[in-house]
Structure formats: C-alpha cells, structure tokens
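# Working through the structure, step by step
Each chain, letter by letter, is given below.
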Amino acid sequence: GENVEQHPSTLSVQEGDSAVIKCTYSDSASNYFPWYKQELGKRPQLIIDIRSNVGEKKDQRIAVTLNKTAKHFSLHITETQPEDSAVYFCAASDAGGTSYGKLTFGQGTILTVHP
Amino acid sequence: DVKVTQSSRYLVKRTGEKVFLECVQDMDHENMFWYRQDPGLGLRLIYFSYDVKMKEKGDIPEGYSVSREKKERFSLILESASTNQTSMYLCASSLRADYGYTFGSGTRLTVV
C-alpha cells in the first residue's frame, strides 16, 4: 500500500518568514495530494490540494509543488503569521481504480510562528 | 456547507465494553471514512465505505468493525474495548475519489 513520509515533524519560524514542509510517497499510482491544517482542538481542514496533472498550485500565501518523478510534494507558506500555527498533514491517494479516494496521511508537522 | 457530525466529543469506557461511535453527514456523500489520530503517527485509516452496506478494511482494522445501513450514517464499533484503543477518532466524508475530505470534530475515547 501507499506510504507517506512527512518532514520535519516540528518547524519553528519567525513571523514573516517562509515555511516549507516536505512529503514523499511510495505508490506511483497516487495522483491526488491534499494538505490539511489542524488547529489545536479542532478538526483537520483542507487548505490546498494538487492533482498529478499539474506541477504547482498557489492560493494567496500558500503554494504546493509536486515532483512526480521523485515522488515528492511540498507545502510552501510565505509571510507566515501567528494564526498559521497549527499541525499540517500531507496526504496522497490514487483517485482512480478501487481505492475510492482513501487518503494515506503523513505523520504531521507542528508549525509554530513566533510573533 | 457540508457537515459531518460525530455524536460524542468525549467518551470514557471500560475495558471489554462494546463501544459505538456514530458519524452522520448531510451532503449525500458516497464515501465515508474512519481514522484514528495518535501523536507522531498521523491519521491512520481503520475502515471506509463507498456505498450503503459496502465496507473495506483500512490499514488498522483489527479490533474494529463498521456499519453503514444508511448513506448518511457510518458507525465505528469497538467489539471489546482495550486500553490501546484510547485515541482520537475522526470520521470523514468525500463527494468522490479526487475530492478532499470533510472531517467531523472527532471523538476522544479513553478506555480505562
């Protein structure tokens, strides 16, 4: 089955700096890669996703890049703010076939943005 | 806005008890999922369902079963609760395979 590795496990930055979280996946059939943000005591929420037919996607201060050859994808947050502090999870799935979109998640990254 | 509702926010159960965790979604989603979340391990898939009465094992199904009698409801059952099942349980649903999940608020289960 799919295996997703996520690094780093913790990341501490100063407000205004950029933050980068990296994930690798093992199954070359995976073609859908979402990122979730989980604030303390709350449910994970989808913040951005990318499909395998594109290499990069941006949404304001957040961007995701995908390298299918190397089987890795990354989340980039620019101009970080204290409210970006949360746990971030990457995930991967084979959206076709019989997987029904079940996601395999990385271990999570605790991002702390210091004012 | 899709809502996924988990019936209990916190539960405390005794070892050996049969435990039911309920999840209801209100947007006619086909796919529903149960994960458990543990620090340092991320979210691990227990079971999922892609249609009424259809279910498939995830990565860690041992000690669990599920039921989906109606499209909107997906129940997780701990047949005989054990202390190593103490965890946060998250239910999620998705419209289709290449759409992200909507998660419920989670049930923090403690087995004593």
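Since we're looking at a predicted model, the values are computed, not measured.

## What to know about the overall build of chain B
For chain B, the count of helices and strands is zero helices and eleven strands. In sequence order, the secondary structure elements of chain B are arranged as β-β-β-β-β-β-β-β-β-β-β. What you see for chain B is a C-alpha radius of gyration of 13 Å, in line with the 13 Å of a compact globule of 112 residues. Projected onto the principal axes, the alpha-carbon positions of chain B cover approximately 35 × 30 × 25 Å. For chain B, the proportion of its 112 residues judged to be buried stands at 49%. Sequence-distant contacts in chain B: of pairs separated by 6 or more residues, those separated by 24 or more amount to 55%.

## Details of the environment of R14 of chain B
All names here are of chain B. With respect to the helices and strands, the residue R14 is situated in the loop between β2 (10-13) and β3 (19-25). Sequence spacing of R14 and Y99 is 85 residues, and the spatial spacing of their C-alpha atoms is 37 Å. Every residue in contact with R14, bar those within four places of it in the chain, is listed here: A81, V111 and V112.

## Some remarks on the packing of aromatic side chains
For the coordinates displayed, the defined rule picks out 15 aromatic pairs over all chains. Seen from their ring centres, Y36 of chain A and F103 of chain B are 5.5 Å apart, and the 85° between their planes marks the pair as edge-to-face. On the criterion of chain membership, the pair formed by Y36 of chain A in strand β4 (residues 32-38) and F103 of chain B in strand β10 (residues 102-103) is interchain, its members lying in two chains. One aromatic cluster is present, formed by Y36, F89 and F105 of chain A together with F33, Y35, F48, Y101 and F103 of chain B through successive ring pairs. Seen from the ring of Y10 of chain B, R9 of chain B lies directly overhead, with NZ or CZ sitting 5.9 Å from the centre.

## A closer look at the layout of surface pockets
One number sums up the size of the largest pocket: a volume of about 620 Å³. In terms of lining, the largest pocket is formed by 31 residues, of which the most central are Q38, V87 and F89 of chain A together with Q37 and P39 of chain B. Sorting the residues of the lining of the largest pocket by element identifies β1 (4-7), β9 (86-92) and β11 (109-114) of chain A together with β4 (31-38) of chain B as the ones contributing at least two each. If you tally residues by element for the lining of the largest pocket, the top one is β11 of chain A, at four residues. When the residues that make up the lining of the largest pocket are grouped by side-chain class, the tally is eleven nonpolar, 15 polar and five charged.

## Remarks on the nonpolar core
Membership of the largest hydrophobic core comes to 23 residues, with the highest contact counts inside it found for W35, F73, L75 and L111 of chain A. Secondary structure elements with two or more residues in this core: β2 (10-14), β3 (19-25), β4, β5 (45-51), β7 (62-67), β8 (72-77), β9 and β11 of chain A. In this structure, V19, M32, A81 and V111 of chain B belong to the second largest nonpolar core, which totals 20 residues.

## Remarks on the sheet that holds strand β6 (residues 56-59) of chain A
All names here are of chain A. Taking strand neighbours across the sheet as the criterion, the five strands line up as β1-β3-β8-β7-β6 in an open arrangement whose pairing is antiparallel. Each end of this open sheet is capped by a strand with a single partner; those strands are β1 and β6. When the angles between neighbouring strand axes are averaged without regard to direction, this sheet yields 15°. As defined by bridge partners, β6 adjoins β7 across four bridges and the pair is classed as antiparallel. By the bridge assignment, D59 is partnered in β7 with I62.

## Considering the pairing of β5 of chain A
All names here are of chain A. Where β4 meets β5, six bridges bridge the pair, whose relative direction is antiparallel. The residue bridging F33 from the neighbouring strand is I50, located in β5. Counting the residues in the hairpin turn of β4 and β5 gives six residues, including G41, whose phi is positive at 75°.

## Remarks on the state of the cysteines
Residue and element names in this part refer to chain B. By the definition in use, this model includes two disulfides over all chains. With its sulfur 1.9 Å from that of its partner, C23 forms a disulfide with C91. Judged by the sign of its S-S torsion, about -75°, the bond between C23 and C91 is left-handed. Of the two residues, C23 sits in strand β3 while C91 sits in strand β9 (residues 87-94), which places them 68 residues apart along the sequence.

What counts as what
- Residues numbered from 1 in each chain as written.
- Chains lettered and ligands numbered in written order.
- Predicted model: local features only at pLDDT ≥ 70, side-chain atom pairs only at ≥ 80, totals over all residues.
- Heavy atoms only, no water.
- Helix = DSSP H or I, 4+ residues; strand = E, 2+ residues; numbered from the N terminus.
- Rg over C-alpha atoms; globule rule 2.2 N^0.38 Å.
- Buried < 20%, exposed > 50% of the residue type's maximum accessible area, 1.4 Å probe, protein only.
- Contact = heavy atoms within 4.5 Å.
- Phe/Tyr/Trp six-rings, centres within 6.5 Å; stacked < 30°, edge-to-face > 60°.
- Lys NZ or Arg CZ within 6 Å of the ring centre and 35° of its normal.
- 1 Å grid on protein atoms, 1.4 Å probe; cavity = no way out; pocket = protein on both sides within 12 Å on 5 of 7 lines; lining within 4 Å.
- Points joined across faces, edges and corners; volume = space filled by probe spheres on them.
- Nonpolar A, V, L, I, M, F, W, Y, C, P; charged D, E, K, R; others polar.
- Core = buried A, V, L, I, M, F, W, Y, C linked by side-chain atoms within 4.5 Å.
- Pairing = 2+ DSSP bridges.
- Axes fitted to C-alpha atoms, helices over the stretch in contact; angles between N-to-C directions.
- Disulfide = S-S within 2.5 Å.

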